[in-house]
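Commentary on secondary and tertiary structure
Listed below are the residues making up each chain.
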Amino acid sequence: METESEPYVRLATLRQLHQVVAELNTARSLADTLQTVVDGIVVGLGYELACVNLVRPDGDLVVAAFAGDPAAEALITGRVGSRASWERRLTMGESWDGLRFIPHTEGWILLEDDVPQWHTDGPDPRFADEWHPEDRLYAPMYASGGELLGVISVDRPRNGRRPGAWGREALQMYAFQAAIAISNARLRANMQRALVRLEREQQALRASEESFRQAFEYAPSGMAIAEMGGDQHGRLLRTNDALCRLLGRPASVLRRYSFSDLVHPEDIGTLLRTSAEGGRAELRLGRRDGTYVWVSLRNSVVADAADGPRFLLTHVEDIEERKRHELQLAHRASHDSLTGLPNSAELRSRLGARLCRRPQSVRATAVEALDAAYEGHGAHGGHGAHGGHAAHAGGGIEAGGAVGEHGFRSDAYPEPFEYPGAPAVPGSGTPGVPGPGGPGAGPGPYDHHVHTVAPASDVDDGTKGLAVLFCDLDGFKSINDRFGHHTGDAVLIEVARRLTTGVRDGDTVARLGGDEFVVLADGLGAADAADLAVRLRNAIIPPIRVDGRAVRVGASFGIGWASCGMSADEVLRSADQRMYIEKRSRSKAHRRAG
């Protein structure tokens, strides 16, 4: 029998050990490396059985590879032993440097623990170093950091003896090399898994980017990517074809702009709020031809977890048609469908906007107001009878403080005039008009706007106010009954045109319904209003031709005056009553003749 003392045996073993260690580093996977480890022990180190117990992530050890006996391999491969049982084994028996040997005389107590094991019965040893079937020899494998990687277990040396110093050294060296090979195999496996995961993530990212690119480029509505933050905040980085078509500009040109360069000046505040907070806004963007288009702008802030906000993804939807439809609906709600004039609701809204509920008792007459404001200045003397140069208190001053906003045409009534440098009296919302507390008093509870003041009587006293001319057509019913509604509608349309032509741009002509119309004209005195009524009546009298037939209507006008403290209905009712008084004061024939 060959013994370890013979040098050629050691040399052969060393060669075999070198060969199997070299094979450890050629394995392609962790499983191949583990199997190579146990095969090398059987082939190169002279043991009939060998297995590797590998530490799992939970700390227990699993039989990961087995060599030498197919029956034993099928029995215990894949079985798990607890970490506590293994630590118990690695502290028992004899310590052979880095190895742990448990003789059969001590190992019987391990027969019932949970470590997978396979052995055969045999006779007691005949000499001191003879191997017993229940002897156990373990070679722990440690990583470079000192943590346990696994345990190599060997059994049944081919020479039937316990290994000597050389055999122990060879097994210990092999276990050291096996630990390195297993660590490298694990590292390669982790790297391969990481590479596979990275490749999958990159493929998913490329697929996502391609999907985004296609969704961005071929979206039916406008899309844009803009910078966020810094000096170039809002600058367009990328636009799709739909946005280029909508704004009539190529993508290369749009990259020179930001949305603030394209937005309508009135919508810049809305744009800034939307850019800062994200969300949605409706605003106007400029086209290449100088026109503006209504769009719905929806911003999404695309953020980076590390760097914070990166850019704005903006969806731009053309809502021009919807806005046009909304304006049409709003116009239809506030205007007469036949004549296109403001309807009764719009008239009351415009009239009510000029009125407040100031009690009548706190209102000063125009003359008293002028006397208080211009005392000692002689401001209201020596002017024309029509009040063309008479100072007016409140009535000719538009809400918001604009005086004489609507000038008269040369063929119309005189233009209102305001004295330059008229003092603003404390306690009043009107220049030159003292408040209820008199000069020096503070603002009153109703002085939140410029009050509308009516003339004290039909005699022109120089006061300029908001005249309300109530017009009722004379003879219209007979035309409607005789020639039909088609002719009646044509007459109403022509009357509306003539009334609109006969007033200033800032005045309001409204249709109450039927054959009743109302004119609101601001900044008029009593004589001015009477003159306007005459001119409008004369404009209506000329024949109106409908389908080759000439028809005539007359008109009766009642002049009312709007004044703070009155409601819109009260003002209209007053003008209506004056119209009926004027209508009854003339004969029927005279009314038809105008």
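Residues numbered from 1 in each chain as written. Predicted model: local features only at pLDDT ≥ 70, side-chain atom pairs only at ≥ 80, totals over all residues. Heavy atoms only, no water.

1. Side note on the sheet that holds strand 6 (residues 136-142)
With antiparallel pairing, the seven strands of this open sheet are ordered in space as 3-2-1-7-6-5-4. Of all the strands in the sheet, just strand 3 (80-81) and strand 4 (94-96) have a single pairing partner and so form its edges. Two strands pair when backbone bridges link them, and strand 1 (residues 47-55) and strand 2 (residues 61-67) are joined in this way by six bridges, in the antiparallel orientation. Note on strand 2: the bridge partner recorded for L54 is V62. Where helix 2 (residues 30-44) meets the sheet, it contacts strand 1, strand 2 and strand 7 (148-157), and its direction lies at approximately 155 degrees from that of strand 1. Against the sheet, helix 6 (residues 165-217) touches strand 1, strand 4, strand 5 (99-102), strand 6 and strand 7, its axis set at about 40 degrees to strand 6. (Pairing = 2+ DSSP bridges. Helix = DSSP H or I, 4+ residues; strand = E, 2+ residues; numbered from the N terminus. Contact = heavy atoms within 4.5 Å. Axes fitted to C-alpha atoms, helices over the stretch in contact; angles between N-to-C directions.)

2. Remarks on the pattern of salt bridges
For the structure shown, the criterion picks out 32 salt bridges. One salt bridge connects R206 with E199, and the closest N-O pair in it is separated by 3.3 Å. Taking relative accessible area as the criterion, R206 reaches 44% and is therefore assigned partly exposed. A salt bridge links E282 to K323; its shortest N-O distance comes to 3.2 Å. In this pair, E282 sits in strand 10 (residues 279-286) while K323 sits in helix 11 (residues 320-334), placing the two residues 41 residues apart along the sequence. The exposure class assigned to E282 is partly exposed, which follows from its relative accessible area of 32%. Within the structure, one salt-bridge network assembled from shared partners comprises E282, R322, K323 and E326. (Salt bridge = Lys/Arg side-chain N within 4 Å of Asp/Glu carboxyl O. Buried < 20%, exposed > 50% of the residue type's maximum accessible area, 1.4 Å probe, protein only.)

3. Brief notes about the nonpolar core
Among the nonpolar cores identified, the biggest contains 36 residues, and I41, L137, M141, I152 and Y174 are the most heavily contacted of them. If you list the elements that add at least two residues to this core, you get helix 1 (7-24), helix 2, strand 1, strand 2, strand 5, strand 6, strand 7 and helix 6. Among the elements that take part in this core, helix 6 stands out by supplying eight residues, more than any other. Not counting the four nearest positions on each side in its chain, I152 is found in contact with V37, I41, C51, V52, L137, Y138, A139, M141, A175 and A178. One finds F476, F517, V546 and A555 within the second-largest nonpolar core, a separate group that totals 32 residues. (Core = buried A, V, L, I, M, F, W, Y, C linked by side-chain atoms within 4.5 Å.)

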